[in-house]
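Observations on chain architecture
Chain by chain, the residues run as shown.
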Amino acid sequence: MAALPYMQLYVSDYLADTAHLTTEEHGAYLLLLFNYWQTGKSLRKDRLAFVARTSNERWISVEETLKEFFHDDGKNWVHFRVEADLAAVNAKSKTNSDAGKASARARAAKKAEAATPVPAGLATNVTTNVDQSLQRNVNHTDTDTDTEQEDQNHCPQQADDKPKKFSYQEIQQAYNEICPPTFPACAVMNEKRKKQIKAMGAIDFMGSKPFTQGIEVWRQYFTDCLTNPHWCGQNATSWTANFDFVTNPTNAIKLMERMN
């Protein structure tokens, strides 16, 4: 397997378990752990002194102390804590990879569908719900009042992009269905988050405003967020993104540029 970019080191646990080690034993133990993590494999007994960078004479003394941290299966030293952490990281990486592949397949299918020509006359005299909604808005004289009332519960709409009507709560629900447990759940839809969502609707990406086009665009975006390893915790501090981060327009643009 490829070397992982970071290692989970629980400092308080490590210090509590190794308080009796000498400086030399600390160094040898950490080198063994680092090699274990980087290779993803248990340690061969015939290479322990080499990995720990000690002479054979010194290793005899160091080995007596360090073997208490490992299980000896006859050929290898196995560290159960490292094995558990490796399994957790690999499982998370596979989940993110599968989500990314599914997202790529969905985008490819959508592009293929968009490229399929529509037979002549098929859409003639067809009036969509969006067209009817726009016509009612044109004929309505009290447009300022309607817009102000709509903003209380629904995302802003742009007539030139023919948006579909959906609510802040639908966005919150879509996020909570897709992103946790990789990202923390969004428990509250407050005014600050509504303003940020409105700002997302104003993003003009490649000549369109995608986040005004319907809840499915948001669902696809949240799925795409899970393909970013750094956002999903694969970083030095195990930090993960949250609802406020992924609905920040600057971060959204960076992800969309990366996906395209």
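An account of the accompanying structure is given in this report. (Residues numbered from 1 in each chain as written. Predicted model: local features only at pLDDT ≥ 70, side-chain atom pairs only at ≥ 80, totals over all residues. Heavy atoms only, no water.)

Put simply, helix α10 (residues 215-225) and helix α12 (residues 249-259) touch, their axes get as near as 11 Å, and they point 80° apart. Here α10 lies roughly perpendicular to α12, going by the angle between them. Contacts between α10 and α12 involve Y221, D224 and C225 from the former and N251, A252, L255 and M259 from the latter. Tallied by class, residues from the contact of α10 with α12 come to 5 nonpolar, 1 polar and 1 charged. (Axes fitted to C-alpha atoms, helices over the stretch in contact; angles between N-to-C directions. Helix = DSSP H or I, 4+ residues; strand = E, 2+ residues; numbered from the N terminus. Parallel < 35°, antiparallel > 145°, perpendicular 65-115°, else oblique. Contact = heavy atoms within 4.5 Å. Nonpolar A, V, L, I, M, F, W, Y, C, P; charged D, E, K, R; others polar.)

Moving on, we come to the layout of surface pockets. A volume near 680 Å³ is recorded for the largest pocket. Considering the residues around the largest pocket, the lining is formed by 20 residues, among which R107, K110, P210, Q220 and N260 are closest to the centre. Secondary structure elements with two or more residues in the lining of the largest pocket: α5 (80-115), α10 and α12. Taken together, the residues of the lining of the largest pocket break down into 11 nonpolar, 4 polar and 5 charged. (1 Å grid on protein atoms, 1.4 Å probe; cavity = no way out; pocket = protein on both sides within 12 Å on 5 of 7 lines; lining within 4 Å. Points joined across faces, edges and corners; volume = space filled by probe spheres on them.)

A separate point is the packing of helix α2 (residues 23-39) against helix α4 (residues 56-66). Orientation of α2 relative to α4, taken along the N-to-C sense of each, is 75°, at an axis distance of 10 Å. On the basis of the axis angle, α2 is roughly perpendicular to α4. For the pair formed by α2 and α4, the contact residues are E24, E25, A28, Y29 and L32 on the first element and R58, W59, V62, T65 and L66 on the second. Considering only residue class, the contact of α2 with α4 consists of 6 nonpolar, 1 polar and 3 charged.

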